[in-house]
Amino acid sequence: MEKIKSSSSQIFQDLGYPKTNLENWKYTSSKVFQNYFFQKDKINFPKEINRQNDTIYFINGVLDYKSWENFSLKKNITLEKIDNQVNESTVLSSENFIKESMFHLSLSGVQEANYWRIFSKNPLEINFVYIFDTSIDNNMIASLNVFSIEENTEITINEKKISLNSSCLGISVSNFFCSENSNLNHSLVTNENNLDKSLSFYNYKMQKNSNLAIDNVNHSSTFDKKFFEIDLDGEGSDAEVNILNLVKGAQHYDNNILVNHNAPNCSSRQNVNNILNNQSTAVFNGKVVVLKNAQKTDSEQSNKNLLLSEQSKAHSNPQLEIFADDVKCGHGSTTGALDDSSIFYLRSRGLSEEESRKILIEAFAKEIVEDFSNSDLESDCNIIISKWING
């Protein structure tokens, strides 16, 4: 791992911070990162949080070993340090990410790297909670976790980032290797104490007949940029991404999604809805690549943006690159305000204009949430949506 850290540090120095002439950074300025630096800080578990035995915690990028010792599902998981993994491809698994300077900056600052092997004959649910509790100003904190989901394993991973009394930048790399016939539901959970500024890289390698569902709601971070790369490497693999961004004030949310169809008879769905108010901005940069041998591909992209303010901005860039001839691929993007005729209809039924607007906003948000694979997250999100609309 030290070799990777040293190499990544040099690559970042050579590339520098990304500029807006790069496609993936066209609408997101990297200036937000430039006042943050890697600084080691305490890794004490905060008193205000009670450990749960179904949850693995990280404190400022470092595994909380007591939570691992007390973890109730240890019989289904093995943990190794990536220092002991000779194959660098577990870390440098994405050909897309290795072109990104911020990916290398993240790797250069990792304090420890974990390799999780997960196996079970019965469905599992695990919580990973990243706690940021730094007393150092302008602190940048990195984490790296690699997951091997073994054959025939079905698992839900709930990921949460919590910031306690600190404004810091969290940058993370998470790689998932999903074996044949495995099922992964990755839920990215947000809350009122979510990390203020976050940059994340997620890579999923899907083997034959494996299934992936990503559910994500963002609403409380000031800045959030996520890279998702999904590689459908095995025939019959499937991926569905459902994201709802609730954006207001001066918040900026950016979703960069790449799906590579590398094998035949695979399917993918991208559904991203953004609701924007005030001076907020949202970016959807979605791309599907279908290789020549990936016949019978079925892929769809959808990005819908609801603007509640004239000052809010949504940037949408759905893309298709198709090299096969027997495929079913489509993409669509819409941006607009609330429909006046719908408001008029609801008002004619006795509702006020404010009540009518809230009903339409809630319906737009729930389009995505109702497609979530994680029913528990769906219930939580309905509360989040209500608070956001009425806040």
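Provided above is the structure to which this section pertains.
Residues numbered from 1 in each chain as written. Predicted model: local features only at pLDDT ≥ 70, side-chain atom pairs only at ≥ 80, totals over all residues. Heavy atoms only, no water.

Peer 1: Go over the packing of aromatic side chains, please, and point to the residues and values.
Peer 2: On inspection of all chains with the given rule, the structure shows 19 aromatic pairs. Note on Trp 68 and Phe 71: the rings are 6.2 Å apart at their centroids and 25° apart in plane angle, and the pair reads as stacked. No difference in accessibility class separates Trp 68 from Phe 71, as the two residues are buried. Taking 4.8 Å as the distance between ring centres and 10° as the angle between the ring planes, the aromatic pair formed by Phe 201 and Phe 227 counts as stacked. In this pair, Phe 201 is assigned in strand E11 (residues 197-206) and Phe 227 in strand E13 (residues 223-232), connecting sequence segments 26 residues apart. The burial state of Phe 201 is the same as that of Phe 227; both residues are buried. Ring pairs connect the aromatic residues Phe 58, Trp 68, Phe 71, Trp 116, Phe 128, Tyr 130, Phe 147, Phe 176 and Tyr 204, which therefore count as one cluster. The residue whose ring lies beneath Lys 74 is Trp 68, and the NZ or CZ to ring-centre distance is 4.9 Å. (Phe/Tyr/Trp six-rings, centres within 6.5 Å; stacked < 30°, edge-to-face > 60°. Buried < 20%, exposed > 50% of the residue type's maximum accessible area, 1.4 Å probe, protein only. Helix = DSSP H or I, 4+ residues; strand = E, 2+ residues; numbered from the N terminus. Lys NZ or Arg CZ within 6 Å of the ring centre and 35° of its normal.)

Peer 1: If you had to explain the pattern of salt bridges to someone new, which residues and values would you point to?
Peer 2: Applying the stated rule across the entire model yields 17 salt bridges. Its salt-bridge partner being Glu 2, residue Lys 5 comes within 3.9 Å of it at the nearest N-O pair. Of this pair, Lys 5 and Glu 2 are both found in helix H1 (residues 2-15), 3 residues apart, which corresponds to roughly one turn of the helix. Judged by relative accessible area, which is 56%, Glu 2 ranks as exposed. (Salt bridge = Lys/Arg side-chain N within 4 Å of Asp/Glu carboxyl O.)

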